[in-house]
Amino acid sequence: MLMGLKRLFAPLVFPVLAPLAQAQEAERWGVNMPQGVTEVSHAIYDLHMLIFWICVVIGIAVFGVMFYSMWAHRKSRGHKAVQFHESTLVELAWTIVPILILFGMAIPATKTLYDMYDTGEADLDIMITGYQWKWKYDHLGTDVSYFSNLATPLTQINNALPKTANYLLEVDEPLVVPTNKKIRFLITANDVIHAWWVPALAVKKDAIPGFINESWTRIDEPGIYRGQCAELCGKDHGFMPIVVKAVPEPEYDAWLSERAIVAAKAAELTGKTFSFDELVEEGGEVYNRTCAACHQANGEGVPGTFPSIAGSKVATGPLEKHMDIVINGSTTNPAMQAFGPQLSEVQLAAVITYQRNAFGNNMGDTVQPIDILNFKNK
(Lines give C-alpha, C1' and ligand atoms only; values in the text may rest on other atoms or scores of the structure.)
Protein backbone atom coordinates (compact mmCIF):
# COMPACT_ATOMS: atom_id res chain seq x y z
CA MET A 1 0.00 0.00 0.00
CA LEU A 2 2.78 2.39 0.96
CA MET A 3 4.73 1.72 -2.23
CA GLY A 4 1.56 2.08 -4.29
CA LEU A 5 0.86 5.54 -2.86
CA LYS A 6 4.46 6.55 -3.47
CA ARG A 7 4.20 5.48 -7.11
CA LEU A 8 0.93 7.40 -7.41
CA PHE A 9 2.27 10.71 -6.10
CA ALA A 10 5.86 10.54 -7.38
CA PRO A 11 5.07 11.47 -11.03
CA LEU A 12 3.19 14.55 -9.82
CA VAL A 13 5.92 16.02 -7.66
CA PHE A 14 9.19 14.77 -9.17
CA PRO A 15 9.36 17.10 -12.19
CA VAL A 16 8.75 20.12 -9.96
CA LEU A 17 10.92 19.26 -6.97
CA ALA A 18 13.69 17.06 -8.39
CA PRO A 19 16.45 19.57 -7.46
CA LEU A 20 15.20 19.64 -3.85
CA ALA A 21 15.09 15.86 -3.71
CA GLN A 22 18.66 15.61 -5.01
CA ALA A 23 19.92 18.10 -2.46
CA GLN A 24 18.07 16.22 0.23
CA GLU A 25 19.54 12.91 -0.89
CA ALA A 26 23.04 14.35 -0.70
CA GLU A 27 22.21 15.64 2.81
CA ARG A 28 23.64 19.02 1.88
CA TRP A 29 21.02 20.78 3.97
CA GLY A 30 21.05 18.40 6.89
CA VAL A 31 17.49 19.30 7.89
CA ASN A 32 15.72 16.02 7.19
CA MET A 33 15.23 13.19 9.67
CA PRO A 34 17.85 10.39 9.52
CA GLN A 35 16.99 7.18 7.69
CA GLY A 36 18.42 4.98 10.43
CA VAL A 37 19.83 1.46 10.19
CA THR A 38 16.86 -0.74 11.06
CA GLU A 39 13.77 -1.96 9.25
CA VAL A 40 11.49 0.13 11.45
CA SER A 41 13.61 3.27 11.01
CA HIS A 42 13.42 2.84 7.23
CA ALA A 43 9.63 2.41 7.42
CA ILE A 44 9.34 5.57 9.55
CA TYR A 45 11.50 7.51 7.10
CA ASP A 46 9.45 6.29 4.12
CA LEU A 47 6.22 7.24 5.90
CA HIS A 48 7.65 10.65 6.75
CA MET A 49 8.63 11.28 3.12
CA LEU A 50 5.28 10.01 1.80
CA ILE A 51 3.33 12.38 4.07
CA PHE A 52 5.71 15.19 3.16
CA TRP A 53 5.19 14.74 -0.58
CA ILE A 54 1.41 14.46 -0.14
CA CYS A 55 1.47 17.77 1.74
CA VAL A 56 3.63 19.28 -1.02
CA VAL A 57 1.12 18.17 -3.68
CA ILE A 58 -1.78 19.57 -1.64
CA GLY A 59 0.09 22.84 -1.12
CA ILE A 60 0.91 23.19 -4.82
CA ALA A 61 -2.69 22.40 -5.82
CA VAL A 62 -4.34 24.72 -3.28
CA PHE A 63 -2.00 27.68 -3.72
CA GLY A 64 -1.87 27.14 -7.47
CA VAL A 65 -5.64 27.38 -7.77
CA MET A 66 -5.73 30.32 -5.37
CA PHE A 67 -3.07 32.36 -7.17
CA TYR A 68 -4.48 31.50 -10.61
CA SER A 69 -7.95 32.59 -9.51
CA MET A 70 -6.64 35.89 -8.14
CA TRP A 71 -4.74 36.55 -11.37
CA ALA A 72 -7.23 35.33 -13.99
CA HIS A 73 -10.41 36.59 -12.28
CA ARG A 74 -9.21 39.90 -10.89
CA LYS A 75 -11.53 42.93 -10.82
CA SER A 76 -9.41 44.91 -13.31
CA ARG A 77 -10.39 42.39 -15.99
CA GLY A 78 -14.07 42.98 -15.34
CA HIS A 79 -14.75 39.88 -13.24
CA LYS A 80 -17.26 39.98 -10.43
CA ALA A 81 -17.28 37.74 -7.37
CA VAL A 82 -19.59 34.76 -7.62
CA GLN A 83 -21.32 33.46 -4.52
CA PHE A 84 -21.34 29.66 -4.34
CA HIS A 85 -21.24 28.99 -0.60
CA GLU A 86 -24.56 27.16 -0.89
CA SER A 87 -23.15 24.77 -3.48
CA THR A 88 -23.80 21.18 -2.44
CA LEU A 89 -21.16 19.94 -4.88
CA VAL A 90 -18.44 22.16 -3.40
CA GLU A 91 -19.35 21.24 0.17
CA LEU A 92 -19.27 17.54 -0.71
CA ALA A 93 -15.91 17.97 -2.43
CA TRP A 94 -14.18 19.73 0.44
CA THR A 95 -15.56 17.11 2.84
CA ILE A 96 -14.95 13.91 0.87
CA VAL A 97 -11.53 14.76 -0.60
CA PRO A 98 -9.87 15.48 2.79
CA ILE A 99 -11.40 12.28 4.19
CA LEU A 100 -9.90 10.28 1.32
CA ILE A 101 -6.52 11.96 1.85
CA LEU A 102 -6.63 11.19 5.57
CA PHE A 103 -7.45 7.54 4.86
CA GLY A 104 -4.58 7.44 2.39
CA MET A 105 -2.28 8.68 5.15
CA ALA A 106 -3.78 6.60 7.95
CA ILE A 107 -3.37 3.20 6.31
CA PRO A 108 0.45 3.23 5.96
CA ALA A 109 0.79 5.13 9.26
CA THR A 110 -1.22 2.45 11.11
CA LYS A 111 0.89 -0.33 9.61
CA THR A 112 4.11 1.43 10.66
CA LEU A 113 2.82 2.06 14.19
CA TYR A 114 1.76 -1.57 14.50
CA ASP A 115 5.26 -2.71 13.53
CA MET A 116 6.84 -0.26 16.00
CA TYR A 117 4.83 -1.66 18.92
CA ASP A 118 5.12 -5.34 18.01
CA THR A 119 7.63 -6.49 20.66
CA GLY A 120 6.64 -10.17 20.54
CA GLU A 121 8.86 -13.11 19.63
CA ALA A 122 12.07 -11.38 20.66
CA ASP A 123 15.38 -13.26 20.53
CA LEU A 124 16.91 -11.23 23.36
CA ASP A 125 15.57 -9.15 26.26
CA ILE A 126 17.51 -6.25 27.76
CA MET A 127 16.40 -4.29 30.81
CA ILE A 128 17.36 -0.60 30.61
CA THR A 129 17.19 1.45 33.81
CA GLY A 130 17.78 5.20 33.91
CA TYR A 131 19.63 6.77 36.82
CA GLN A 132 20.78 10.32 37.48
CA TRP A 133 22.82 10.39 35.27
CA LYS A 134 23.72 7.06 33.77
CA TRP A 135 22.14 3.93 32.31
CA LYS A 136 22.11 0.40 33.67
CA TYR A 137 21.86 -2.53 31.27
CA ASP A 138 20.78 -6.04 32.33
CA HIS A 139 20.99 -8.78 29.71
CA LEU A 140 18.09 -10.86 30.99
CA GLY A 141 18.69 -14.59 31.21
CA THR A 142 22.38 -14.02 31.95
CA ASP A 143 24.41 -12.65 34.85
CA VAL A 144 25.64 -9.73 32.75
CA SER A 145 24.72 -6.38 34.28
CA TYR A 146 26.63 -3.10 34.09
CA PHE A 147 26.35 0.67 34.22
CA SER A 148 27.14 3.01 31.33
CA ASN A 149 28.58 6.39 32.35
CA LEU A 150 29.71 9.46 30.47
CA ALA A 151 33.36 9.00 29.44
CA THR A 152 34.09 12.50 28.12
CA PRO A 153 36.86 13.82 30.39
CA LEU A 154 36.23 16.83 32.61
CA THR A 155 39.15 18.59 30.94
CA GLN A 156 37.09 18.79 27.74
CA ILE A 157 33.92 19.82 29.56
CA ASN A 158 35.84 22.59 31.34
CA ASN A 159 37.46 23.69 28.04
CA ALA A 160 40.95 22.80 29.26
CA LEU A 161 41.42 20.50 26.25
CA PRO A 162 39.95 20.57 22.72
CA LYS A 163 36.65 18.75 22.31
CA THR A 164 36.64 15.53 20.29
CA ALA A 165 34.22 14.54 17.51
CA ASN A 166 32.05 12.57 19.95
CA TYR A 167 32.07 15.16 22.71
CA LEU A 168 29.47 14.24 25.39
CA LEU A 169 28.54 11.14 23.36
CA GLU A 170 31.18 8.79 24.80
CA VAL A 171 30.61 6.17 27.49
CA ASP A 172 32.79 3.81 29.45
CA GLU A 173 30.54 0.80 28.81
CA PRO A 174 28.46 0.71 25.60
CA LEU A 175 25.39 -1.48 25.27
CA VAL A 176 26.60 -4.47 23.23
CA VAL A 177 23.96 -6.28 21.15
CA PRO A 178 24.04 -8.88 18.36
CA THR A 179 23.09 -8.10 14.77
CA ASN A 180 20.22 -9.80 12.94
CA LYS A 181 18.37 -10.53 16.19
CA LYS A 182 15.10 -9.07 17.43
CA ILE A 183 15.97 -7.31 20.69
CA ARG A 184 13.25 -6.26 23.11
CA PHE A 185 14.05 -3.35 25.42
CA LEU A 186 12.30 -3.16 28.80
CA ILE A 187 12.78 0.45 29.85
CA THR A 188 12.29 1.92 33.34
CA ALA A 189 13.95 4.35 35.76
CA ASN A 190 15.24 4.30 39.30
CA ASP A 191 14.68 7.93 40.31
CA VAL A 192 13.10 10.43 37.88
CA ILE A 193 11.73 10.27 34.34
CA HIS A 194 14.37 9.71 31.66
CA ALA A 195 14.01 8.81 27.97
CA TRP A 196 16.16 6.29 26.09
CA TRP A 197 16.62 7.66 22.57
CA VAL A 198 18.82 6.34 19.75
CA PRO A 199 17.75 7.99 16.46
CA ALA A 200 19.54 5.51 14.16
CA LEU A 201 17.55 2.64 15.74
CA ALA A 202 14.22 4.55 15.72
CA VAL A 203 13.86 3.85 19.45
CA LYS A 204 12.67 6.56 21.84
CA LYS A 205 10.87 5.54 25.03
CA ASP A 206 10.29 7.23 28.36
CA ALA A 207 11.91 5.56 31.35
CA ILE A 208 9.42 6.08 34.20
CA PRO A 209 9.96 4.92 37.82
CA GLY A 210 7.53 2.12 38.67
CA PHE A 211 6.60 1.44 35.03
CA ILE A 212 8.15 -0.70 32.31
CA ASN A 213 7.84 0.50 28.72
CA GLU A 214 8.70 -1.78 25.82
CA SER A 215 10.40 -1.18 22.51
CA TRP A 216 12.44 -3.26 20.09
CA THR A 217 14.99 -3.20 17.32
CA ARG A 218 16.76 -5.45 14.86
CA ILE A 219 20.11 -4.12 13.60
CA ASP A 220 21.27 -5.48 10.27
CA GLU A 221 24.77 -4.01 10.10
CA PRO A 222 27.50 -3.96 12.77
CA GLY A 223 28.39 -0.50 13.99
CA ILE A 224 28.26 2.03 16.79
CA TYR A 225 25.08 4.07 17.21
CA ARG A 226 24.80 7.00 19.59
CA GLY A 227 21.94 8.68 21.40
CA GLN A 228 21.08 10.68 24.49
CA CYS A 229 18.53 10.98 27.26
CA ALA A 230 15.63 12.88 25.69
CA GLU A 231 13.82 13.90 28.89
CA LEU A 232 14.92 16.80 31.06
CA CYS A 233 15.96 14.74 34.09
CA GLY A 234 17.97 17.13 36.20
CA LYS A 235 21.20 19.08 36.44
CA ASP A 236 23.31 16.76 34.27
CA HIS A 237 20.65 15.80 31.75
CA GLY A 238 23.05 16.76 28.95
CA PHE A 239 25.72 14.39 30.29
CA MET A 240 23.75 11.16 29.91
CA PRO A 241 24.72 9.68 26.53
CA ILE A 242 23.82 6.31 25.04
CA VAL A 243 26.13 4.18 22.91
CA VAL A 244 24.94 0.97 21.28
CA LYS A 245 27.57 -1.33 19.79
CA ALA A 246 26.13 -3.89 17.35
CA VAL A 247 28.38 -6.86 16.64
CA PRO A 248 27.95 -10.21 14.82
CA GLU A 249 26.40 -12.95 16.94
CA PRO A 250 29.63 -14.97 17.45
CA GLU A 251 31.39 -11.84 18.71
CA TYR A 252 28.44 -11.09 20.99
CA ASP A 253 28.54 -14.61 22.47
CA ALA A 254 32.28 -14.23 23.07
CA TRP A 255 31.65 -10.88 24.76
CA LEU A 256 29.04 -12.42 27.07
CA SER A 257 31.50 -15.14 28.09
CA GLU A 258 34.19 -12.52 28.72
CA ARG A 259 31.82 -10.47 30.87
CA ALA A 260 31.03 -13.56 32.96
CA ILE A 261 34.77 -14.07 33.55
CA VAL A 262 35.19 -10.40 34.49
CA ALA A 263 32.32 -10.69 36.98
CA ALA A 264 33.92 -13.79 38.55
CA LYS A 265 37.26 -11.99 38.86
CA ALA A 266 35.55 -8.98 40.43
CA ALA A 267 33.97 -11.28 43.01
CA GLU A 268 37.42 -12.71 43.80
CA LEU A 269 38.82 -9.23 44.36
CA THR A 270 36.40 -8.74 47.25
CA GLY A 271 38.66 -10.86 49.43
CA LYS A 272 41.87 -9.09 48.40
CA THR A 273 43.61 -6.52 50.57
CA PHE A 274 44.59 -3.38 48.65
CA SER A 275 47.22 -0.84 49.55
CA PHE A 276 46.24 2.70 50.51
CA ASP A 277 47.65 4.09 47.25
CA GLU A 278 45.76 1.53 45.15
CA LEU A 279 42.49 2.39 46.84
CA VAL A 280 43.01 6.14 46.46
CA GLU A 281 43.92 5.82 42.78
CA GLU A 282 40.90 3.64 42.00
CA GLY A 283 38.69 5.78 44.23
CA GLY A 284 39.65 8.93 42.34
CA GLU A 285 38.54 7.34 39.07
CA VAL A 286 35.26 6.15 40.59
CA TYR A 287 34.64 9.57 42.15
CA ASN A 288 35.20 11.46 38.88
CA ARG A 289 32.99 9.02 36.99
CA THR A 290 30.19 8.63 39.52
CA CYS A 291 30.24 11.35 42.19
CA ALA A 292 31.72 14.46 40.56
CA ALA A 293 28.50 15.17 38.64
CA CYS A 294 26.89 16.28 41.90
CA HIS A 295 29.70 16.95 44.37
CA GLN A 296 32.00 18.59 41.77
CA ALA A 297 35.50 17.48 40.82
CA ASN A 298 37.01 19.64 43.58
CA GLY A 299 34.70 18.14 46.21
CA GLU A 300 33.02 21.46 47.03
CA GLY A 301 29.52 20.39 45.93
CA VAL A 302 26.69 22.75 44.97
CA PRO A 303 25.50 24.81 47.97
CA GLY A 304 21.88 24.16 48.82
CA THR A 305 21.62 21.10 46.57
CA PHE A 306 24.63 18.78 46.80
CA PRO A 307 26.73 18.94 49.99
CA SER A 308 30.47 19.39 49.93
CA ILE A 309 32.74 16.39 50.45
CA ALA A 310 35.63 18.61 51.51
CA GLY A 311 35.43 18.98 55.27
CA SER A 312 31.95 17.43 55.46
CA LYS A 313 30.69 15.86 58.68
CA VAL A 314 30.09 12.62 56.76
CA ALA A 315 33.53 12.28 55.15
CA THR A 316 35.30 13.31 58.36
CA GLY A 317 32.90 11.66 60.78
CA PRO A 318 32.28 8.05 61.85
CA LEU A 319 33.34 5.60 59.14
CA GLU A 320 30.24 3.41 59.50
CA LYS A 321 27.90 6.36 58.90
CA HIS A 322 29.89 7.30 55.79
CA MET A 323 29.61 3.74 54.48
CA ASP A 324 25.87 3.68 55.22
CA ILE A 325 25.14 6.83 53.22
CA VAL A 326 27.23 5.76 50.22
CA ILE A 327 25.84 2.21 50.17
CA ASN A 328 22.20 2.82 51.16
CA GLY A 329 21.68 6.45 50.17
CA SER A 330 20.39 9.32 52.30
CA THR A 331 17.04 9.25 54.06
CA THR A 332 16.93 13.06 54.26
CA ASN A 333 18.24 14.01 50.80
CA PRO A 334 16.65 12.02 47.95
CA ALA A 335 19.30 13.32 45.54
CA MET A 336 21.85 11.06 47.27
CA GLN A 337 21.34 7.69 45.61
CA ALA A 338 22.10 4.26 47.04
CA PHE A 339 25.31 3.19 45.34
CA GLY A 340 25.40 -0.26 46.94
CA PRO A 341 23.62 -1.88 43.96
CA GLN A 342 25.52 0.25 41.44
CA LEU A 343 29.18 -0.22 42.42
CA SER A 344 31.21 -3.29 43.30
CA GLU A 345 32.68 -3.83 46.77
CA VAL A 346 36.10 -2.84 45.43
CA GLN A 347 34.75 0.39 43.91
CA LEU A 348 32.80 1.27 47.06
CA ALA A 349 35.83 0.67 49.28
CA ALA A 350 38.03 2.73 46.97
CA VAL A 351 35.70 5.72 46.65
CA ILE A 352 35.03 5.91 50.40
CA THR A 353 38.77 5.73 51.07
CA TYR A 354 39.31 8.47 48.50
CA GLN A 355 36.61 10.75 49.93
CA ARG A 356 37.99 10.43 53.46
CA ASN A 357 41.50 11.35 52.34
CA ALA A 358 41.01 13.78 49.43
CA PHE A 359 40.05 17.47 49.38
CA GLY A 360 42.01 18.13 52.56
CA ASN A 361 40.06 15.62 54.68
CA ASN A 362 43.20 13.53 55.41
CA MET A 363 41.46 11.11 57.79
CA GLY A 364 44.03 8.36 57.15
CA ASP A 365 41.27 5.69 56.93
CA THR A 366 41.55 2.69 54.63
CA VAL A 367 38.42 0.75 53.71
CA GLN A 368 38.84 -2.72 52.21
CA PRO A 369 36.29 -4.53 50.00
CA ILE A 370 35.70 -7.12 52.70
CA ASP A 371 34.66 -4.29 55.04
CA ILE A 372 31.99 -3.29 52.53
CA LEU A 373 30.80 -6.88 52.17
CA ASN A 374 30.58 -7.32 55.95
CA PHE A 375 28.64 -4.05 56.26
CA LYS A 376 26.15 -5.19 53.60
CA ASN A 377 25.66 -8.52 55.37
CA LYS A 378 24.80 -6.93 58.74
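So, how was this worked out
- Starting afresh in each chain, residues are numbered from 1 along the sequence in its written order.
- Owing to the predicted nature of the model, reporting of local features is limited to residues with pLDDT of at least 70; listing and counting of side-chain atom pairs is limited to 80 or more, with chain, interface and lining totals taken over all residues.
- To obtain the side-chain values, all non-hydrogen atoms of the structure were used and water was disregarded.
- A pair of strands counts as paired when DSSP detects no fewer than two bridges linking them.
- Note on conventions: DSSP H or I runs of at least 4 residues are helices, E runs of at least 2 residues are strands, and numbering of each starts at the N terminus.
- Only C-alpha atoms enter the line fits that serve as axes; for helices the fit covers just the stretch in contact. Angles between N-to-C directions range over 0 to 180 degrees.
- To estimate the expected span of a helix, subtract one from its residue number and multiply by 1.5 Å.
- A 1.4 Å probe rolled over the protein chains alone gives each residue an accessible area, and that area as a share of the maximum for its type sets the label: buried under 20%, exposed over 50%, partly exposed in between.
- These descriptions rest on fixed angle ranges, namely under 35 degrees for roughly parallel, over 145 for roughly antiparallel, 65 to 115 for roughly perpendicular, and the rest for oblique.
- Throughout, a contact is declared for two residues whenever any of their heavy atoms are within 4.5 Å.

Right, let's talk about the sheet that holds strand β3 (residues 145–148) for a bit. Read from one edge of the open sheet, five strands run β3-β2-β1-β5-β8, paired in mixed fashion. Strands at the two margins of the open sheet, each flanked by one partner only, are β3 and β8 (213–217). For this sheet, the mean inter-axis angle between neighbouring strands, taken without regard to orientation, is 25°. Pairing analysis gives four bridges linking strand β2 (residues 134–139) to β3, with the strands arranged antiparallel.

Here the focus is helix α3 (residues 88–117). The end-to-end C-alpha distance of α3, which contains 30 residues, comes to 42 Å, matching closely the 44 Å that a straight helix rising 1.5 Å per residue would cover. Every buried residue of α3 is accounted for by G104, M105, P108 and T112.

Any two packed helices are characterised by the angle at which their axes cross and by the distance between the axes. At a closest axis distance of 7 Å, the pairing of helix α6 (residues 276–295) and helix α8 (residues 345–357) adopts a crossing angle of 95°. When the axes of α6 and α8 are compared, the pair comes out roughly perpendicular. Across from F276, L279, V280, E282, G283, G284, V286, Y287, R289 and C291 in α6, the residues of α8 making contact are Q347, A349, A350, V351, T353, Y354, Q355 and N357.

Take unusual backbone geometry next. Residue W133 is reached from Q132 by a cis peptide bond, and omega for that bond is -5°. Tracing the backbone through its elements, the reader meets W133 in the loop between β1 (124–131) and β2. Positive phi, normally seen in glycine, also occurs at A202, with a value near 60°. Here A202 is to be found in the loop between β6 (194–198) and β7 (203–207). A202 gets classed as partly exposed once you look at its relative accessible area, which sits at 25%. Phi at N362 is positive, roughly 50°, even though this residue is not glycine. Overall, N362 belongs to the exposed group, its relative accessible area being 59%.

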